Number of protein chains: 6
Amino acid sequence: MSNFELIEFERITDDILGCTEEDCLSGLKFLQLPNRDKVVNLVDNLFQIIYPGYFLSRSMKFYNLRHYLTMLLEDVAYHVHQQVLLVLRYRQDIETEAEREQQAQEITHAFIHVIPEVRKLLMLDVEAFYVGDPAAENRDEIIVSYPGLRAVTVYRIAHELVKLGVPVLPRIMTEYAHAQTGVDINPGASIGKHFFIDHGTGIVIGETTIIGDHVKIYQGVTLGGVTTRGGQSLRGQKRHPTIEDNVTIYSGASILGGRTVIGHDAVIGGNTFITKSVPPYTKVSMENQDKVCKGEEDEI
Amino acid sequence: MSNFELIEFERITDDILGCTEEDCLSGLKFLQLPNRDKVVNLVDNLFQIIYPGYFLSRSMKFYNLRHYLTMLLEDVAYHVHQQVLLVLRYRQDIETEAEREQQAQEITHAFIHVIPEVRKLLMLDVEAFYVGDPAAENRDEIIVSYPGLRAVTVYRIAHELVKLGVPVLPRIMTEYAHAQTGVDINPGASIGKHFFIDHGTGIVIGETTIIGDHVKIYQGVTLGGVTTRGGQSLRGQKRHPTIEDNVTIYSGASILGGRTVIGHDAVIGGNTFITKSVPPYTKVSMENQDKVCKGEEDEI
Amino acid sequence: MSNFELIEFERITDDILGCTEEDCLSGLKFLQLPNRDKVVNLVDNLFQIIYPGYFLSRSMKFYNLRHYLTMLLEDVAYHVHQQVLLVLRYRQDIETEAEREQQAQEITHAFIHVIPEVRKLLMLDVEAFYVGDPAAENRDEIIVSYPGLRAVTVYRIAHELVKLGVPVLPRIMTEYAHAQTGVDINPGASIGKHFFIDHGTGIVIGETTIIGDHVKIYQGVTLGGVTTRGGQSLRGQKRHPTIEDNVTIYSGASILGGRTVIGHDAVIGGNTFITKSVPPYTKVSMENQDKVCKGEEDEI
Amino acid sequence: MSNFELIEFERITDDILGCTEEDCLSGLKFLQLPNRDKVVNLVDNLFQIIYPGYFLSRSMKFYNLRHYLTMLLEDVAYHVHQQVLLVLRYRQDIETEAEREQQAQEITHAFIHVIPEVRKLLMLDVEAFYVGDPAAENRDEIIVSYPGLRAVTVYRIAHELVKLGVPVLPRIMTEYAHAQTGVDINPGASIGKHFFIDHGTGIVIGETTIIGDHVKIYQGVTLGGVTTRGGQSLRGQKRHPTIEDNVTIYSGASILGGRTVIGHDAVIGGNTFITKSVPPYTKVSMENQDKVCKGEEDEI
Amino acid sequence: MSNFELIEFERITDDILGCTEEDCLSGLKFLQLPNRDKVVNLVDNLFQIIYPGYFLSRSMKFYNLRHYLTMLLEDVAYHVHQQVLLVLRYRQDIETEAEREQQAQEITHAFIHVIPEVRKLLMLDVEAFYVGDPAAENRDEIIVSYPGLRAVTVYRIAHELVKLGVPVLPRIMTEYAHAQTGVDINPGASIGKHFFIDHGTGIVIGETTIIGDHVKIYQGVTLGGVTTRGGQSLRGQKRHPTIEDNVTIYSGASILGGRTVIGHDAVIGGNTFITKSVPPYTKVSMENQDKVCKGEEDEI
Amino acid sequence: MSNFELIEFERITDDILGCTEEDCLSGLKFLQLPNRDKVVNLVDNLFQIIYPGYFLSRSMKFYNLRHYLTMLLEDVAYHVHQQVLLVLRYRQDIETEAEREQQAQEITHAFIHVIPEVRKLLMLDVEAFYVGDPAAENRDEIIVSYPGLRAVTVYRIAHELVKLGVPVLPRIMTEYAHAQTGVDINPGASIGKHFFIDHGTGIVIGETTIIGDHVKIYQGVTLGGVTTRGGQSLRGQKRHPTIEDNVTIYSGASILGGRTVIGHDAVIGGNTFITKSVPPYTKVSMENQDKVCKGEEDEI
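Residues numbered from 1 in each chain as written. Chains lettered and ligands numbered in written order. Predicted model: local features only at pLDDT ≥ 70, side-chain atom pairs only at ≥ 80, totals over all residues. Heavy atoms only, no water.

A. Just the relation of the copies chain A and chain C, in detail. With an RMSD of 0.0 Å, the operation that places chain A on chain C is a rotation of 120° combined with a shift of 0.0 Å along the axis. Those values place the two copies in the arrangement expected of a three-fold rotation axis. Within chain A, G202 of chain A has its C-alpha nearest the rotation axis, a separation of 3.5 Å. In this assembly the copies use different faces: only 5% of the residues contributing to the interface of chain A also contribute to that of chain C. (Least-squares fit on C-alpha atoms with pLDDT ≥ 70 in both. Contact = heavy atoms within 4.5 Å.)

Shown next as structure tokens:
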């Protein structure tokens, strides 16, 4: 391949590395970056644990599920510990290696112990999916194939890590689900029981969203902020809406703003665009949305 | 890793399994669940058969395509038979093992023999994609890279299984395509010839939708139900619209309801929201949609 | 498996191949088709080069990054050369093998040398993502997990190949990104510096779109054509809008037409539907969009 | 590859298969043949069980050895059962499928329960290797790297299966060890405690050999039959020698014949060729072997 | 790993390459070396073809053996052609690329067509193994596990390539078998029908050996040259013995020299050392070997 | 698999582990055992470095050998360092972790720098193989396929580690070669230049053997100790013979004892058994060995 001899491979590498090592990227050293592949593997193992029997690798024999799950749990504990140790470097309030190690241990311990609770929540979600969707033939079909349930599962796992103060890792998890399902739930959001997502693709649920129980959401729904002009200065503020119990939001609806509250038992019609609060038991459609939305709105 | 000794792995496993074995999940035993990985593999092999030469694994030599395709077909027959056998357990009208085995054989036989017909339909779709998209440089590019064609291909395969009375399996197939393309076509939908999907992401086509020939659909289009309040009680009813021949539906349009019919040669503009029928040759845009839509609508 | 004996595997294969070899597909021979797997691998290697340290395969040791990157670059050069050689067959203006080989060499050389420049552009995009998104904890999180950045990265790589006259290959690259992220940027589009995509899913940016610097785009935005009725006859025409510097386009907005220009510093509200130009410094929302949009529009 | 077109692949296949299906091979159907790959895998797993910590696959985490070993044991049980079921077809005294299944279960049960006993015997062998070899730095080196111990380990495993009446399978196991170590111990041989093999290559220990405790054997030693002229008619007869306790046999010695007994505490010198019995406490070298060997010998 | 910084990796590489490129190795360029891995793969595929059903990779389905074998044959043809093309560079009598290509095609064609004949020979060998070994339970055991048959199989394959004038490749094949079995048969040797090797390890059969029909050979037997003092000057001379029909050679016997002929129906005892010819029907043992061996011997 | 329920997997595991943790094995903890797989990988990489171009993995592109070798060297350095660190635990003279780390660094550094020297020695061996074997068609054939050269290569690598005071690791390396080639060279032996091994299988070269330059050894040769009755008490003593320059030792010869010296230019005939010294220029055959061997011998 004599034609490659003219290519200045080494100079190009130096161009790239010159930039890398100095100032373009964050302060973490290369080997300390969280490993996306390992996080993905972690999530896949958690699916095997949470839905035993549904996501086994092909060659698994099944005569003793109990030992296998225990092994998987230990494996998950090992990798959660490793990855948490890595990402705790982003927490500037943890100063010493020893402190970081201790935090990682405590977080791992807490995370593993909360898994049965997460599973119970997800069983309620499976039920909500089955009851809510006339196209669902049975619950197995939902667990094996519904992208909405996949996204909710990853969210519920990642949200536990957010509650334990783990940075970056939860987002890698939910973006993995986002890539697979088209459903983008920020792990910081708070979502109640019996949650149902239909079809999924194009759903966005922002970081400070609060969602009650028995809520149904369809494809293309945005629960977002009204603006991001403030950029990083908005960090930490409530920028996304609150959805109370028993609300249904049809496809393509956008509900924006941190002060916007959709009252319980409301129905938000398809393709509506809502930046003010909606009272309980209200039905909003494209035609009447100006009449039923009330209250101040965030700057748009 | 002495820090893991405090984690009660076995108790957690028992918590999870306690729930599993009793009442949380459906009646199927673990080993009888359909295997998503094998279904995915099946679909990938069918792509190699239907578009010979385009989706070969890397190291394949090509000097005798005919033997290779025959091998693949046999392989597909074997796995279709196995997976159909599994999912026929969900069909409560099949009572004995022998009956199930016979059904599985008949379905496999019928499915394999319909593949050339499916391929012919897809060649017409490729043509529709090429003619419809000025950005398409040639037909190869469409086959190799267009997500819309990928989604339509998997739909046409899965739809044949629906017609043969196979449960669950078709949905696993189309949800695999959904994850890859963002296009969610329920395998129960009925779609005519020369179908064209542009860009794809966010398209939802519901279970009881009927689509004619020469229809074009853009990203973000929903052909859905008006409500799911009825949940499982709606199962089997026509809940999604009918789209007649030569209709074009631009991006973001929602057409909802089982009684809604879009007449032939109509053009539905972007971001419209339609729950009543539209006469033939009509052009609907956001401004005039109330005027041109007529007839009763399902409860919204 | 005696039940398979009734299946006419060989006749089915012949049905399929009969069609293949004659007239259904393009003129390229099988072995000359571009290999999607290799293109995908190429893109993955380019991620390792452009973001050194973030996308390494698991077992990589890191004590000499410089040699590793140089190896990867050589690898990329080898595969770009091979794939470009294949796809140049689609260019009917290149007539001899020798000419094709020379073009492939020149293109490979130019492509490898432009990589550091692409990386510099992407570092500016990373900055735009960080500044623009209050949910971003740090730049590492963006690089590892944001689908928007992934889509922009693949676009910037593929766009260089478009500029070098390479057919088909760039589209395979961006459709790979599309499948992973739900963001569909045609590699022919022209996009300025400091580009920011939030959430991503459902974004479509058409082939002849022109985008300035410091533009922000949210999920579900379409920058598209008004119609495709002309089909292949429109090939090469400007069919998609022009977005000037500092424009923000909120979720679900559709901006259509080759004559449509969004003036600099404009803000386009969510779910708007725009087919006429918008002056600089204008704020368009669903309520006022008819008032602020002006100029002729393409046939709709 | 037009040059391959002249090759009559299909005729050649038919030539081969014509022979296969009729009369050239044994009566077993193809799919019922024991699978060498699975037997090899079985042996490798047994090494992990018998020498815990020494033969783990690379990525194994070690924080809970107990669960891992239990999983491996279950895995071994599963595959032993499967392979035994296959090879019991060679036992003509087992007539019904049900009988075969029951035998396979009983054999599997007995085999798994004898593993700790096998391990204890092997720990004594490790000790014999360490004490016997001045070149051994420590016991770990022996376990990890000595081919003699590897061969003895596989022999002891396979011999248990012989005792349980399993055909074919034990021989596949010991021939696997033979290929790796050059030591060919027929699984039917009977070998006492504290057995030591140095260097190993070229050792042959025949099917009806009986070896006592504390025996040492060097490379190139044959414990064989004097003739095989009788062929299959000799099947079941004692054709190989008896070696009593505390015998040492140096390299290249051949001890042949079913009536040949090497008395306890004898030393057999290198390259000797012995077909008559040797009394206890005797030292045989090339020079004196005719004087010290006595008794009738099998036909040579 | 700062401690590696002191290692002068690049200087060491240059030391190695300085030697490589100039004068240490043969004249072939790197990329033209025969690929041992591909040859190994070739041999493994030939085992699947010659013993259909015994050496299938695990996941193979078996409902259509005929297509599978044909595919394998084509595969073998492809790789034989490629590797022969490479090694024909060592033949200095072939001068042009075109000549080399034509030779490679003719050789490939002839080799593929001789496979059924090789298989027939091997079926006779299987029979000889079964009849000759009282420890053999059945023919399947021999095919699956006997190293002697493995070595003979590879020899018979490689010998066909020698007959077709292929350099280097046959030796790579037999050395692969040598590594697996301890049996070193030079592919240039000539071996008759019904050949039987027991135990195998340590057998050496030299390049110019001639062996008749119904010959039996035990472990550790050498059929060698008397001296190699002449080195490369002896190339092409008959340096190894001739063994006539129905000869049996017991373990550890050495038969040396190009003029040495073992007459038909002779029996050569264990550990004998023979450099002169032996008449037909003679029985040679360590005691009587000087009396029964006669004729001139090569220089020793 | 209900039949497995009767198997007491957990009790069996406890039986095995009970023994493991307490007293059966050496004092090293599990995770500190040297990893045979990694050592094997190390050896394979060193083959790629020492014979550049001959042992490349299949898919390697070759346009820049220099970078690739440097990468491999770094890789080797990394793993040598890791494995040496592990095995230095067996050295009881190294007491602190810091000391161990420093030793490991120094050893790694020295080992990497001696590689070009090892390669030069091996090039001389290749020459000796070519000159000595009339069956060798060319040097490439020797490098790619001769087991003797493979064994010598691994010996020369491992011997360097012995010289650097590394325990256990060198033996794992040479036993890997032993398994592949049937040639067992203890890494502690000392071997001069231009060494030639023909056929190989069954060769044993003991730990304290000293071999001069231009020595040739054939299959089945033992350079061993006369007795191992002393067991571990003999550790460190010279127990194996000395072979001076230009000696040839034909197949099956045994030369035993630490005081035995084979004088330069001697020829040792096949199947001889020598325990006393042989003067220079002597030719020993089975007939005359008693006359030409002289001097005291070790106890036999």
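B. A look at the side chain of H199 of chain F. Within the secondary structure, H199 of chain F is located in the loop between β3 (196-197) and β4 (204-205). At 2.7 Å, the side chain of H199 of chain F and the side chain of D184 of chain E are in polar contact. Among residues more than four places away in sequence, those in contact with H199 of chain F are H178, D184 and V204 of chain E together with P147 and Q219 of chain F. (Helix = DSSP H or I, 4+ residues; strand = E, 2+ residues; numbered from the N terminus. Polar contact = N/O pair within 3.5 Å; in protein donor to acceptor, adjacent residues only side chain to side chain.)

C. Representation of helix α6 (residues 147-163) of chain B in the model. Here α6 of chain B is 17 residues long and its end C-alpha atoms lie 24 Å apart, about the 24 Å a rise of 1.5 Å per residue gives. When you tally the buried positions in α6 of chain B, you get 15 out of 17 residues, the bulk of the element. (Expected span 1.5 Å × (residues − 1). Buried < 20%, exposed > 50% of the residue type's maximum accessible area, 1.4 Å probe, protein only.)

D. Spotlight on the sheet that holds strand β8 (residues 242-243) of chain E. All names here are of chain E. Strand order in the open sheet made by the four strands is β2-β5-β8-β11, with parallel pairing throughout. Of all strands in the sheet, those with a lone pairing partner are β2 (190-191) and β11 (261-262), marking the two edges. In this sheet, β8 lies alongside strand β5 (residues 210-211) in parallel orientation, the contact comprising two bridges. Looking across to β8, one finds that I210 is bridged to T242. (Pairing = 2+ DSSP bridges.)

E. Quick look at the environment of R91 of chain F. All names here are of chain F. Within the secondary structure, R91 is located in the loop between α3 (65-87) and α4 (97-132). Between the alpha carbons of R91 and P167 there is a distance of 7.2 Å; along the sequence they are 76 residues apart. Beyond its immediate sequence surroundings of up to four residues, R91 is in contact with Q103, G165 and P167. Among the polar contacts made by the side chain of R91, one reaches the main-chain carbonyl oxygen of G165 at a distance of 2.7 Å.

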